[in-house]
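Observations on the three-dimensional arrangement
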Amino acid sequence: MTKVIVHAGFHKTGTTSLQQQLIRLRKSLKPYMTYYGKNDFIAAGTHARKYAQKPFWHRRIMFRRAFRRFLAGIPDDPVIFISRETLAGTMPGHRDWRGRVIHDYAHSAVPIGREIIRELRRRFGPEVEIEFLLTTRATDRWLRSVYGHLLRSIHLTESYEDFLAQFPGLPNPTAEAHRIANGLRPCKTHIIALEDYAGHRHGPAGMVLDLICVPEAVQDTLPEAKRENVGQTKDLEAEFLALNRSGKSKTELRKVKEKMIDSYRRQLD
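Now for a quick tour of the structure. For clarity, every value in this text was computed on a predicted model and none was experimentally measured.

Take the nonpolar core next. A general trend in soluble globular proteins is that nonpolar side chains are found buried together. Of all hydrophobic cores here, the largest spans 56 residues; its most connected members are F67, I82, L87, I116, L120 and I180. Those residues in contact with F67 that sit more than four places away from it in its chain are A44, I82, I116, E119 and L120. Counting 19 residues, the second largest nonpolar core, distinct from the first, contains M33, F81, V214 and L222.

Next up, the structure:
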């Protein structure tokens, strides 16, 4: 019988670090699981994100078909781990097809999750064991990280205070994860905070190694994780905000931001 664990988000909860470490350890972890990440099912991940912004029935079908094609091309391994944060939808703060700010994940994560369950049962049979993993983070740090990401990736012009004002009553990531977990029952959902693995030698990937029961003695022999996708300073955020308010075109903004990010990363190295 096959067991599949689906890591479906959230954004800005150490997902890049988790995924990059699992790529590094892919061969070493083969006795314990088979890992599939972003580049293994690009179309399905993209359709899930688009469904969150345009939650129409045909978008859901497009995701279903793309995910089905992905599953058709993989073998029946005993334990399969799938990770991509867009399987929960798009990052809050983006706008939907009506121009309204997206406030939550559940509106898209539950329907997409049900499609995932359906397709996994179709591919591996009704006895397949399906579990979900949702990674969370303290609300204040998560919102700050989301804001910083949006500043550098889209044309966001609001101050942090004005950005927060768009989310009245926003549930914290843990509450949101429990809401999604309820919608995916009877499948089990693991909800794990990024902070629980702070300082772990494998970073956020440590939670995956624990979930698939890799012995500590084996974990100790594996290469340590590298920190990925480091957030920018408040000074850099201020520069991004000023750029977004400068009236430059999207193309110009992209070029300038890419140079700033490259320069910042070189300083960190």
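Once the structure has been displayed, the description carries forward.
Think of it this way: side chains of opposite charge can pair up when their charged atoms draw near. One pass over the structure, following the stated rule, counts 13 salt bridges. Between D96 and R98 there is a salt bridge, with the nearest N and O atoms lying 2.8 Å from each other. The salt bridge involving E176 is made with R179; its shortest N-O contact spans 3.8 Å. Within this pair, E176 and its partner R179 are both found in helix α7 (residues 173–183), separated by 3 residues, close to a single helical turn. Assessed through its relative accessible area of 4%, E176 is described here as buried.

Here we take up the environment of L236. Among the secondary structure elements, L236 is positioned in helix α10 (residues 234–244). Separated by 45 residues in the primary sequence, L236 and I191 place their C-alpha atoms 32 Å from one another. Other than its neighbours up to four places away in sequence, L236 contacts M260 and Y264.

Procedures and definitions
Residues numbered from 1 in each chain as written. Predicted model: local features only at pLDDT ≥ 70, side-chain atom pairs only at ≥ 80, totals over all residues. Heavy atoms only, no water. Core = buried A, V, L, I, M, F, W, Y, C linked by side-chain atoms within 4.5 Å. Buried < 20%, exposed > 50% of the residue type's maximum accessible area, 1.4 Å probe, protein only. Contact = heavy atoms within 4.5 Å. Salt bridge = Lys/Arg side-chain N within 4 Å of Asp/Glu carboxyl O. Helix = DSSP H or I, 4+ residues; strand = E, 2+ residues; numbered from the N terminus.

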